[in-house]
Amino acid sequence: MIQEVSSVIIHERDVNILLEKILDILEQRMGMLRGTFALLIGDTLKIEASRGLEEKKKKLGFYRLGEGITGHVAETGRSHIIPDLRKDPRFLNRTGTHKYPYQAAFICVPLFHHEEIIGTLSIDRPVDENTDLERDAALLEIVAGIAADAAAECIAMHEERESLLEENRKLRDLLSGNPGKLVGSSREMRQIYRQLRQVAPSDATVLIRGASGTGKELLARAIVELSDRRDRPFITLNCAALPENLVESELFGHEKGAFTGAVARRIGRAEAADGGTLFLDEIGDLTAQTQVKLLRFLQEKTFSRIGSNEELHSDVRFIAATSRNLEELMEKKLFREDLYYRLNIFPIMVPELAARPGDIILLAEHFIEKMNLKYGKKVTKISPTAVSMLNSYRWPGNVRELENCVERAVLTAQDDCIHSYNLPPSLQSASGLHRLPDAEGKSRIDVLLANYERELLTSAIRRSNGNLSEAGRELGISPRMMNYRMGKLKLHLK
């Protein structure tokens, strides 16, 4: 039998067929009932080749290290024999096929390659008075030793395939779809997606510009996710959120005793981001002294902690963002010109939400899904009047304001729909209502009451599938009054 296995290994080049042929030999020479080669892919044992096992059952055969007899053999590297499958409770029988009306044994041996465990070889075989299970296990160990190279090659093929699939996925993400968690299909956003894909693979400095609430940090995270530094640290610092005297310490760190309150050494964000990406938000708020040190860091990738003369090096990808007009700050001598040109290598302008109205409802639906998960709600739609109000509003707070608005609406919704009266008061103001139907020349209260009535009538008609009598009974009014109110609000049954 050993000679037959050796001959197959010499002549068969396809490793999958080779493992199948080895199982064929075991079936013919040992009377094997079922057999499997389980290979260690990552941290999981998966059946790669089998005999006497249906394809759908084969897919069930996977084990973690230490799980069941097969996992135990792969973890310890020691062979295991179960003399009678009917009597041993440790056998998991994950594939549900190891049930025999007679005594059958299970033998599992490890596969070693360069002194590392790479899988197992196991068989079921009938037992009679002439069966020597210890001899069979020793024979299987020899077969496993001969087949180990082929098994290792099979694992390498799996790893190469997974690597190609991962690379393919990265390319698809790079060439299509929205990068990261960005939402929007407007022309302005598609242009931003193209810019992100252009700059992400490089280590070029990126300056993201846009009003507060437009999602500048999300763009920075999307750049990181498309870059080679995606698995490295992503460190952020909002320069406007800290007092001026603390920004430099947060950015570059300080030594013990460097200033009052510095009771211990502390590393800065620049040092913590080594190998990854450093994102500075609201960079236009940096003091002149910190701007000088930042410029040096950008040029030479070196810095010193406050209170120390030691030069430290940090390899970081730098992304900055600001909502301020840096050109005006330069004219007023509040922002260094040399730092501006060092940052402005690849600028990305993020439009305000009002400049891309086609994305408002798309973003609203995205936030509805997010808030449904957060609060356990089941809101699925937005009423036409609420859609009109969302589209009519100017959104001075941009995407952040829209998210907060949707969160409130989801919380106050009593059914699966967001109605106009679920929206916050800011959208009910005259500035938010001036473009709604029939709003011209009417007082704010008249517009609000008309919108509320329109919502009630529309919802009732939909629930009654267009039956005005049924909708009227639900609202406590006659069909004649239903028709009157619908005509007054210019509502059509269709």
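Not measured: the values here are computed from a predicted model.

Colleague: When you look at the overall build of the chain in this model, what are you seeing that I'm missing?
Modeller: A tally of regular secondary structure across the chain gives 20 helices and 17 strands. In terms of C-alpha radius of gyration, the chain reaches 34 Å, well past the compact-globule figure of 23 Å for 494 residues. The buried share of the chain, taken over its 494 residues, is 47%. Of the contacts made within the chain by residues no fewer than 6 positions apart, 64% connect residues no fewer than 24 positions apart. Of the roughly 26,000 Å² of accessible surface on the chain, a fraction of 50% belongs to carbon and sulfur atoms. Computed over 69 positive and 71 negative side-chain charges, the separation of the two mean positions in the chain equals 8 Å.

Colleague: When you look at the side chain of D359 in this model, what are you seeing that I'm missing?
Modeller: Topologically, D359 is positioned in the loop between β15 (346-349) and α13 (360-375). Looking at D359, its side chain comes within polar contact range of the side chain of S186, at 2.7 Å. Setting aside chain neighbours within four positions, we find D359 in contact with G184, S185, S186 and M189.

Colleague: Help me understand the sheet that holds strand β8 (residues 234-238) in this model?
Modeller: By definition, the strands of a sheet pair up through backbone hydrogen bonds, in either a parallel or an antiparallel sense. The strand order across the open sheet formed by five strands is β8-β11-β14-β7-β15, and the pairing between neighbours is parallel. In this open sheet, the two edge strands, each paired with only one partner strand, are β8 and β15. Each strand of the sheet is rotated relative to its neighbour by a mean of 15°, with strand direction disregarded. Two elements, strand β11 (residues 277-281) and strand β14 (residues 317-322), share four bridges in a ladder whose sense is parallel. Note on β14: the bridge partner recorded for L278 is F318. Across the sheet, helix α6 (residues 187-199) touches β7 (206-209), β14 and β15, and the angle it forms with β15 is around 155°.

Colleague: For this particular structure, what's the right way to read the nonpolar core?
Modeller: Note on soluble globular proteins: their nonpolar side chains tend to be buried together. L26, F37, L121 and L140 are the most contacted members of the largest nonpolar core, which has 33 residues in total. Breaking this core down by element, the ones donating at least two residues are α1 (2-11), α2 (15-30), β1 (34-41), β5 (104-113), β6 (116-126) and α5 (133-175). The element that contributes the greatest number of residues to this core is α5, accounting for eleven residues. If we ignore the near neighbours within four places in the chain, the residues touching F37 are L19, I22, L23, K46, I47, E48, A49, L111, T120, L121 and A147. One finds I235, A273, L278 and L329 within the second-largest nonpolar core, a separate group that totals 29 residues.

Colleague: I tried to follow the packing of α13 against helix α14 (residues 384-392) on my own but got confused; where do I start?
Modeller: The packing of two helices is summarised by the inter-axis angle and the distance between the axes. At their nearest, the axes of α13 and α14 sit 10 Å apart, and the two run at 115° to each other. Along this stretch, α13 crosses α14, giving a crossing that reads as right-handed. Contact with α13, carried on its side by I360, I361 and A364, involves V387, L390 and N391 of α14 and no other residues of that element. A per-class count over the contact of α13 with α14 returns five nonpolar, one polar and no charged.

Colleague: Just to check I follow, could you spell out the pattern of salt bridges for this structure?
Modeller: Between side chains of opposite charge, a pair can form as their charged atoms come close. Tallied over the full model, the rule gives 24 salt bridges. The partner of D315 in a salt bridge is R229, and the shortest N-O contact between them spans 3.2 Å. Of this pair, D315 sits in the loop between β13 (312-313) and β14 while R229 sits in the loop between α7 (216-225) and β8, and the two are 86 residues apart along the sequence. Accessibility expressed as a relative area gives 35% for D315, which makes it partly exposed. By relative accessible area, which is 9% here, R229 ends up buried. A salt bridge links R305 to E255; its shortest N-O distance comes to 2.9 Å.

Colleague: Got a minute to help me understand a nonpolar patch on the surface in this structure?
Modeller: There is a patch of nonpolar side chains on the surface, built from Y421, Y452, L456 and L475 and spanning about 340 Å² of accessible area. Structurally, the position occupied by Y421 is in the loop between β17 (417-418) and α16 (425-428).

Colleague: What am I meant to see in the layout of surface pockets here?
Modeller: The gaps left among the atoms become clear once a water-sized probe is rolled over them. Within this model, the largest pocket holds a volume of roughly 630 Å³. At the level of secondary structure, the elements contributing two or more residues to the lining of the largest pocket comprise α7, α13 and α15 (398-412).

Colleague: What is the right way to look at the pairing of β5 in this model?
Modeller: A regular strand carries its side chains on alternate faces of the sheet. Counted residue by residue, β5 has eight buried out of ten residues, so it is predominantly covered. Alignment of strand β4 (residues 80-82) against β5, held across three bridges, turns out to be antiparallel. By the bridge assignment, I81 is partnered in β5 with I107. By the bridge criterion, ten bridges tie β5 to β6 in an arrangement that is antiparallel.

Colleague: Would you mind showing me how to read the confidence of the model for the chain here?
Modeller: Caution applies to low-pLDDT regions: their predicted coordinates should not be interpreted in detail. Within the chain, residue pLDDT values average 85, and 90% of them lie at 70 or more. Below a pLDDT of 50 lies the segment residues 430-437, which in the model reaches 23 contacts outside its immediate sequence neighbourhood of four places, other chains included.

Colleague: Would you mind showing me how to read the pairing of β7 here?
Modeller: Judged by which residues are buried, β7 turns out to be covered on both faces: V206 and I208 on one side and L207 and R209 on the other are all buried. As paired strands, β7 and β14 are joined by four bridges and run parallel to one another. By the bridge assignment, V206 is partnered in β14 with I319. The sheet contact formed by β7 and β15 spans four bridges and is parallel. What sits directly across from L207, in β15, is P347.

Colleague: Is there a simple way to explain the sheet that holds β1 in this structure?
Modeller: As summarised here, the arrangement of the six strands in space is β3-β2-β1-β6-β5-β4, forming an open sheet in which the pairing is antiparallel. Pairing within the sheet leaves two strands with one partner each, and these edge strands are β3 (62-64) and β4. Strand-to-strand twist of the sheet, defined as the mean angle between neighbouring strand axes without regard to direction, takes the value 20°. Its contacts with the sheet put α2 on β1, β2 (44-51) and β6, and the angle it makes with β2 is roughly 60°. Contacting β2, β3, β4, β5 and β6, helix α4 (residues 68-76) runs over the sheet at an angle of about 140° to β6.

How each quantity is defined
- Residues numbered from 1 in each chain as written.
- Predicted model: local features only at pLDDT ≥ 70, side-chain atom pairs only at ≥ 80, totals over all residues.
- Heavy atoms only, no water.
- Helix = DSSP H or I, 4+ residues; strand = E, 2+ residues; numbered from the N terminus.
- Rg over C-alpha atoms; globule rule 2.2 N^0.38 Å.
- Buried < 20%, exposed > 50% of the residue type's maximum accessible area, 1.4 Å probe, protein only.
- Contact = heavy atoms within 4.5 Å.
- Areas by Shrake-Rupley, 256 points an atom, 1.4 Å probe, with all protein chains shown as cover.
- Lys, Arg positive; Asp, Glu negative; His and termini not counted.
- Charge placed at Lys NZ, Arg CZ, Asp CG, Glu CD.
- Polar contact = N/O pair within 3.5 Å; in protein donor to acceptor, adjacent residues only side chain to side chain.
- Pairing = 2+ DSSP bridges.
- Axes fitted to C-alpha atoms, helices over the stretch in contact; angles between N-to-C directions.
- Core = buried A, V, L, I, M, F, W, Y, C linked by side-chain atoms within 4.5 Å.
- Left-handed = near helix turned anticlockwise from the far one by under 90°.
- Nonpolar A, V, L, I, M, F, W, Y, C, P; charged D, E, K, R; others polar.
- Salt bridge = Lys/Arg side-chain N within 4 Å of Asp/Glu carboxyl O.
- Patch = residues over 30% accessible without salt bridge, like charges linked within 9 Å, V, L, I, M, F, W, Y side chains within 5 Å.
- 1 Å grid on protein atoms, 1.4 Å probe; cavity = no way out; pocket = protein on both sides within 12 Å on 5 of 7 lines; lining within 4 Å.
- Points joined across faces, edges and corners; volume = space filled by probe spheres on them.
- pLDDT = per-residue confidence, 0-100.

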